[in-house]
Structure formats: structure tokens, C-alpha cells
Amino acid sequence: STVDSLVTLTGTNAYTIVINEVDATGSTASELNTIIEATSVNVDASAITDISGNYIEISDLYTSDGVFGLGNEAITIQDELTVAQANILDDLTTGVIEATIGSARVSELLDDSTPLLDANGNNAYTISISADDAAVSASDLNAINAITSIAVNLANVTSITASDFNDLTTLNTNRGEFSNITGITAITVTDNGGGAESVDYGTLETIIDNYQTNFNSSAVFSLQSGDTIVIDSSSELSAFLADVASG
């Protein structure tokens, strides 16, 4: 029998039910929960490869004592998840979880003790950086990008800080994995961009060119007070003088 017919069962009987391979995809958690309630014998759901539903329906299904064979399915969640809810689901399946993480701050997504997890490296979370995090570090953006295969939405981000040029380089290299990146108008480099005492002008110029070309042509770079810019070649000197002359 198919899932469509099994959901019409009434009463509680001792039916032996094996979900058919024809229902491997397209079944909902609500349907399976209904089928489980119709029999006192555990339902074999081994054939299921993907499933959809809201958080409560999915959670009820995976914690039910009336079903077996689940644990590697792709799950599509129809309502927004908190970080805590997403982590609970991540522990229930090795399959891809497709869901929207709702209104989470960067500090919550990357919390030291309970961050958003992706144990299997395959989740497709829709994440939008909150307007409360309009100023965010490049390292945090890189870390958030690493836990989802969906482009992270930066529509609310207006400024970036970085203590290491490598973080800015990584963010630029992976810019295609973010959306709405053109609103970034300010980049502040602290700790000499990871340098001990000075900033190499050639490195700085490359990064500035990358961000003004790939993110926002009006992006303004700032260095911390007291930084020393090192110019160690004639080409760098020429570039520096040209940049000063152009403002």
C-alpha cells in the first residue's frame, strides 16, 4: 500500500506496515505520524529518503517508539528554526537538513558552548545576518558560511572588521557563497592585519582593490591608530603615490 492509502486507516490495530519504496520521497511527517497511530506494531520506514514537515511534526516522528528505519533522511522544515531546534534535528539524521534559521544573532550562531551545528557538513540553512549585527567581523562571516551550503544573506551588513588579512582574503575568495554583499561600505583592519608591527602596502592595496571591485566601489578602509605602512618596492611606492593623489 502507498502512504496515501495508509493514512486512511482508522482505529488502532496490529498491522505490520512497511513503507513502500514508491513513497521514498514526497512523504510528510504528518502522514507518517498518522500511520504510526493506526497500528501497535512498529512501522518500517527504512525506504524513506526524504521527508518534510514542521519542527513539531518532525520531532514527534523521530522520537516516536512506533517507527524504525529512520536516521539518514533529507529533511525539509517548513517553519523557521531556532539554533537549539536545528541542533536537535541535526542529531536525528545524517541527511541534509533544509531550513531557515530565524532571527538569530551572530553571537548565537557561533556561541562558544551551543553554536549552530552541522555535524555531517551537509546542511542547507537559510541564514540572514541580523540588522543588529550590521557591523560584523570577517572571521565570524567565514565561520557562519562554513555551516551552510546556502548563500548567507548580508543585506543588513554595512561594515566589516578584521584582525587578520587572511580573514578578508577568505571572505573575498568565497564571496559567491554570500548574497547581497554590496551594502558593505566600511572595512576596519585592526592588529595590523595580523602583522606584528606594520602593514605591507602591497598586501593592503590588493585587499582594498578586491573589496572595491567585488563588494562596493565606495568601500572605505580604516587602519588602527599608530599602524605603520611599509612600502618596500618602487612599484609599491608608485602605487601609493597614485592612490594618495587620487584621494
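In what follows, the structure referred to is the one given above.
Quick summary incoming for the structure in this document. (Residues numbered from 1 in each chain as written. Predicted model: local features only at pLDDT ≥ 70, side-chain atom pairs only at ≥ 80, totals over all residues. Heavy atoms only, no water.)

**So, the nonpolar core**
Argument step 1. In terms of nonpolar packing, the biggest core is built from 59 residues, with Ile 19, Ile 101 and Leu 168 touching the most fellow members.
Argument step 2. Beyond its immediate chain neighbours, meaning those up to four positions away, Ile 19 contacts Val 3, Leu 6, Leu 32, Ile 35, Val 43, Asp 44, Ala 45, Ala 47 and Ile 48. (Core = buried A, V, L, I, M, F, W, Y, C linked by side-chain atoms within 4.5 Å. Buried < 20%, exposed > 50% of the residue type's maximum accessible area, 1.4 Å probe, protein only. Contact = heavy atoms within 4.5 Å.)

**Quick notes on the sheet that holds strand β3 (residues 50-53)**
Argument step 1. One open sheet holds the five strands; their spatial order is β1-β3-β5-β6-β7, and the pairing between them is parallel. Edge strands, defined here as strands with exactly one partner in the open sheet, are β1 (27-28) and β7 (124-126).
Argument step 2. Relative to strand β5 (residues 74-77), β3 is paired through four bridges, and the arrangement is parallel. Bridge pairing in β5 places Gly 53 opposite Ile 77.
Argument step 3. Helix α3 (residues 55-62) rests against β3 and β5 of the sheet, and its axis sits at about 130 degrees to β3. (Pairing = 2+ DSSP bridges. Helix = DSSP H or I, 4+ residues; strand = E, 2+ residues; numbered from the N terminus. Axes fitted to C-alpha atoms, helices over the stretch in contact; angles between N-to-C directions.)

**So, the side chain of Asn 172**
Argument step 1. When you line up the elements, Asn 172 lands in helix α7 (residues 165-173).
Argument step 2. Apart from the residues within four sequence positions on either side, Asn 172 is in contact with Asn 210, Tyr 211, Asn 214 and Phe 215.

**Examining the packing of aromatic side chains**
The geometry of an aromatic ring pair comes down to the distance between the two centres and the angle between the two planes.
Argument step 1. Applying the stated rule across the entire model yields two aromatic pairs.
Argument step 2. Plain terms: the ring middles of Tyr 211 and Phe 215 are 4.4 Å apart, the flat faces sit at 15 degrees to each other, and that makes the pair stacked. In terms of burial, Tyr 211 and Phe 215 fall into one category: buried.
Argument step 3. Taking 6.0 Å as the distance between ring centres and 75 degrees as the angle between the ring planes, the aromatic pair formed by Tyr 211 and Phe 221 counts as edge-to-face. On the criterion of sequence distance, the pair formed by Tyr 211 in helix α8 (residues 201-214) and Phe 221 in strand β14 (residues 220-223) is long-range, its members being 10 residues apart. (Phe/Tyr/Trp six-rings, centres within 6.5 Å; stacked < 30°, edge-to-face > 60°.)

**Describing the sheet that holds strand β8 (residues 135-137)**
Argument step 1. Strand order across the open sheet formed by four strands is β8-β10-β12-β14, with parallel pairing between neighbours. Among the strands making up the open sheet, the edge pair consists of β8 and β14. Between one strand axis and the next, the sheet turns by 20 degrees as a mean value, whatever way the strands run.
Argument step 2. When strand β12 (residues 186-189) meets β14, the two strands line up parallel, connected through four bridges. Note on β14: the bridge partner recorded for Ile 187 is Phe 221.
Argument step 3. In this fold helix α6 (residues 138-145) packs onto β8 and β10 (159-162), with an angle of close to 75 degrees to the strand it touches most, β8.

**Here's the deal with the packing of helix α2 (residues 29-37) against α3**
Argument step 1. Running from amino to carboxyl end, α2 crosses α3 at an angle of 40 degrees, the nearest separation of the two axes being 9 Å. Considering their axes alone, α2 and α3 lie oblique with respect to each other. In the crossing of α2 with α3, the sense of the turn from one axis to the other is left-handed. Where α2 approaches α3, its residues Ala 29, Ser 30, Leu 32, Asn 33 and Ile 36 are matched on the opposing element by Glu 57, Ile 58, Asp 60 and Leu 61.
Argument step 2. In terms of residue class, the contact of α2 with α3 is made up of five nonpolar, two polar and two charged. (Parallel < 35°, antiparallel > 145°, perpendicular 65-115°, else oblique. Left-handed = near helix turned anticlockwise from the far one by under 90°. Nonpolar A, V, L, I, M, F, W, Y, C, P; charged D, E, K, R; others polar.)

**Examining α3**
Counting along an α-helix, one turn takes 3.6 residues, and residues three or four places apart therefore face a common direction.
Argument step 1. Among all positions in α3, only Tyr 55, Ile 58, Ser 59, Leu 61 and Tyr 62 are buried. The buried residues of α3 occupy one face: seen down the axis, they fall within an arc of 160 degrees.
Argument step 2. The elements touched by buried residues of α3 are α2, β3, β4 (67-68), β5 and α4 (83-90).
Argument step 3. Near the N-terminus of α3, the side chain that reaches the backbone nitrogen of Ile 56, with its oxygen 3.2 Å away, is that of Asn 54. (Arc of directions from axis to C-beta. Polar contact = N/O pair within 3.5 Å; in protein donor to acceptor, adjacent residues only side chain to side chain.)

**Here's the deal with the side chain of Asp 118**
Argument step 1. Mapped onto the elements of the fold, Asp 118 is located in the loop between α5 (106-109) and β7.
Argument step 2. Arg 105 provides the closest opposite charge to the buried, unpaired Asp 118, separated from it by 22 Å.
Argument step 3. Side-chain polar atoms of Asp 118 contact the backbone nitrogen of Asn 122, separated by 3.1 Å.
Argument step 4. In terms of polar contacts, Asp 118 uses its side chain to reach the side chain of Asn 123, at 3.0 Å.
Argument step 5. If near-sequence neighbours (up to four positions away) are discounted, Asp 118 is found in contact with Asp 90, Asn 123 and Ile 147. (Lys, Arg positive; Asp, Glu negative; His and termini not counted. Salt bridge = Lys/Arg side-chain N within 4 Å of Asp/Glu carboxyl O.)

**Re the pairing of β5**
Argument step 1. Burial along β5 is one-sided: Ile 75 and Ile 77 are buried, while Ala 74 and Thr 76, pointing the other way, are not.
Argument step 2. Where β5 meets strand β6 (residues 97-100), two bridges bridge the pair, whose relative direction is parallel. Paired with Ile 75 across the bridge in β6 is Ile 97.
Argument step 3. Viewed along the sheet, the connection from β5 through α4 into β6 turns out right-handed. (Right-handed = clockwise from strand over helix to strand, strands pointing away.)

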